[in-house]
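Structural overview
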Amino acid sequence: KEDPIAELKLERAGRDDFTEWRDRLRTGKDGQQRAPRTVNRLVRSVVAALNWATLKAGYVGNPMVWRLDALAD
């Protein structure tokens with residue numbers, strides 16, 4: 001099952017979309033809670049890809065939307 005954020009166009013994305021996505025990451029596919037550092041690692045990987053897409057590849061988006069504060073351990 002894909003996450004709703006997969007269908008979202010970058011130019012329409014808002015901070016709420018990304019904070020809700022991060023909250024969904026906290027529960028793994030097996031229903032177990034993920035550790036905050038695991039969620040932070042996953043978020044950093046996606047943020048790096050989004051930064052590349054907007055800054056290097058020319059996709060439209062606002063990088064401030066996906067700059068989230070890290071979860072505390």
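Please refer to the structure higher up on the page.
Below, the structure is looked at part by part. On a predicted model such as this, the values are computed, not experimentally measured, just so you know.

A separate point is the side chain of Asn51. Within the secondary structure layout, Asn51 lies in helix α2 (residues 36-55). Judged by relative accessible area, which is 18%, Asn51 ranks as buried. At 3.0 Å, the side chain of Asn51 forms a polar contact with the side chain of Trp66. For Asn51, the contacting residues outside a window of four places in its chain are Lys56, Pro63, Trp66 and Arg67.

On to α2. Taking 1.5 Å of rise per residue, 20 residues should cover 28 Å, and α2 covers 28 Å from first to last C-alpha, within 8% of that figure. Pro36, Val39, Asn40, Val43, Val47, Leu50, Asn51, Ala53 and Thr54 are the residues of α2 that are buried. Along α2, the residues classed as buried sweep out an arc of 155 degrees about the axis, all on the same side. Summarising the geometry of α2, the exposed residues directed more than 90 degrees from the buried face are Arg37, Arg44 and Trp52. Tucked inside the fold, the buried residues of α2 contact α1 (15-25).

Conventions used here
Position numbers for residues count from 1 along each chain, tracking the sequence in the order it is written. The model is predicted, so local features are restricted to residues of pLDDT at least 70 and side-chain atom pairs to those at 80 or more, both for listing and for counting; the totals for chains, interfaces and linings are taken over all residues. Excluding hydrogens and water, the side-chain figures rest on all heavy atoms present in the structure. Counting from the N terminus, the helices are the DSSP runs of H or I reaching at least four residues and the strands are the DSSP runs of E reaching at least two. For each residue, the accessible area found with a 1.4 Å probe, counting protein chains only, is set against the maximum for its type, and the residue is called buried under 20%, exposed over 50%, and partly exposed in between. In protein, a polar contact requires one atom able to donate a hydrogen and another able to accept it; more generally it is a pair of N or O atoms within 3.5 Å, and residues adjacent in sequence count only if both atoms are side-chain atoms. Residues count as neighbours in contact if any of their non-hydrogen atoms are within 4.5 Å of one another. In this scheme, a helix's expected span is set at 1.5 Å multiplied by one less than its residue total. Within this analysis, the arc is defined by the directions that extend from the helix axis to the C-beta atoms.

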